[in-house]
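The residues making up each chain are set out below.
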Amino acid sequence: MDFNVKKLASDAGVFFTRAVQYTEEKLGQAEKTELDAHLENLIARADCTKNWTEKIFRQTEVLLQPNPSARIEEFFYEKLDRKIPSRTTNAELLGQHMQDAAKEFGPGTPYGSTLITVGEFQRRLGGAEREFLQMSAINFLTPLRNFLEGDWKTISKERRLLENRRLDLDICKARLKKAKLAEAKSAAAPDFQETRPRNYVLSASASAAEHELRVAQTEFDRQAEVTRLLLEGISSTHVNHLRCLHEFVEAQAAYYAQCHKHMQDLQKELSRFPNSFAVNASTSGVHPSNPSNALESSTLKIEEVKPPATGTRKAKVLYDYDAADTSELSLLADELATLQVTTKK
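Residues numbered from 1 in each chain as written. Predicted model: local features only at pLDDT ≥ 70, side-chain atom pairs only at ≥ 80, totals over all residues. Heavy atoms only, no water.

Threshold: UniProt positions are given in the numbering used here, feature names are shortened, and annotations may be inferred rather than shown by experiment.
Within an unreviewed UniProt entry, the label attached to the protein reads SH3-domain GRB2-like endophilin B2b, and the organism entered is Cyprinus carpio carpio. Annotation of the protein in UniProt includes, under Sequence similarities (unreviewed entry), the sentence "Belongs to the endophilin family."

## Some points on the nonpolar core
The condition that has to hold: We call a set of buried residues a nonpolar core when its members are Ala, Val, Leu, Ile, Met, Phe, Trp, Tyr or Cys and they connect through side-chain atoms within 4.5 Å of each other. Burial classes: relative accessible area under 20% of the type maximum marks a residue as buried, over 50% as exposed, and values in between as partly exposed (1.4 Å probe, protein chains only). Runs of E in the DSSP output that reach at least two residues are strands. Runs of H or I that reach at least four are helices, and both are numbered from the N terminus. Contact between two residues is taken to exist if any of their heavy atoms lie within 4.5 Å; hydrogens are not considered.
Counting 33 residues, the largest nonpolar core has Leu39, Phe132 and Leu231 as its most contacted members. When residues of this core are traced back to their parent elements, those giving at least two are helix H2 (37-64), helix H5 (110-188), helix H6 (198-232) and helix H7 (234-271). Counting residues per element, this core draws most heavily on H5, which supplies 14 residues. Those residues in contact with Phe132 that sit more than four places away from it in its chain are Leu64, Phe248, Ala251, Gln252 and Tyr255. Residues Ala102, Leu115, Val118 and Leu266 belong to the second largest nonpolar core, which totals six residues.

## Observations concerning the packing of aromatic side chains
Put simply, the rule reads: Within 6.5 Å between ring centres, the rings of Phe, Tyr and Trp (the latter by its six-membered ring) count as paired, and their orientation is classed by plane angle as stacked under 30 degrees, edge-to-face over 60, tilted in between.
What the rule picks out here adds up to six aromatic pairs. When the ring of Phe105 is compared with that of Tyr111, the centres are 5.3 Å apart and the planes differ by 20 degrees; the resulting orientation is stacked. Under the relative-accessibility criterion, Phe105 is labelled partly exposed at 46%. Here Tyr255 and Tyr256 contribute two aromatic rings whose centre-to-centre distance is 5.1 Å and whose plane-to-plane angle is 50 degrees, an arrangement assigned as tilted.

## Re a nonpolar patch on the surface
Let me state the cut-off plainly: Residues enter patches when their relative accessible area tops 30% and they take part in no salt bridge; the joining distance is 9 Å for like charges and 5 Å for the nonpolar side chains Val, Leu, Ile, Met, Phe, Trp and Tyr. Calculation of accessible area relied on Shrake-Rupley with a 1.4 Å probe; when residues are assessed, cover is drawn exclusively from the protein chains displayed. Salt bridges are counted wherever a side-chain nitrogen of Lys or Arg sits within 4 Å of a carboxyl oxygen of Asp or Glu.
Together, Leu242, Leu245 and Val249 give the surface a local cluster of nonpolar side chains, amounting to about 250 Å² of exposed area. Positionally, Val249 belongs in helix H7. Here Val249 falls in the partly exposed class, since its relative accessible area comes to 46%.

As structure tokens, then:
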């Protein structure tokens, strides 16, 4: 118990001395040992790497999982070291709803059979998305997270230790400087009436300060070398992240190519169905194998529109119009106008 109290008091004293030194440096009242230029450049490069890696990691998480609640849930599962439950993707859920609706509408009807087919392909798209999310999490997110939670924590710890060694070194320098000044002052005006000359005591104090300075300098140099080696490892981190970035892009390319193929297959399937689009296409002389032409041919023409029944109708104004006289109305684009409709007999 006594040992713990003494250690606690010693640690508190060291912390207070470092705090005083740090404050005096900020106020310009104490000298500060500067790191060499190479080490400063390595520190700046490491900070830049950490900041941008963190931003890329967070935004990739948002891209892969836009739902913030789901991201928080996955975060807690990871911290608890538990397996993240499998989630149904939005495309898979949409496909399931379409197929369930088809059962209600009747799978033999044109709408029901189309819903079944589209729903199946939506589920295939969801499966492709699930595979892409898993590959991206393993090949891209995990290495970035390992750097932020592993390598960077080690680097930060050693940098804090280096800063403490630097403060201790500057404290020893200040002590030695004060001891030298006191020794010089005593030598200039010695007091021969003292039983133990003051300059003898001050000389011993200066020798002790020199010894502490040598020890502090050795510890600082050793810690600076350890920190330098860790910071130089950032280059290998860049190489590793570059490889992971290529794998992420390959996973994206494979995912979008698979989605494109599924959509092409879906269009081919829909072109074989005897639905209203195909009927309109056949009657207008358009081959049903070209869905875009079938859609264009199904568009009504102005002269084919039948007049509405008598009453009021809402109409949306497409362009601004200034009335030429009192018999016309001035209208603004996107305005909703109420019209009185009458049918001529």
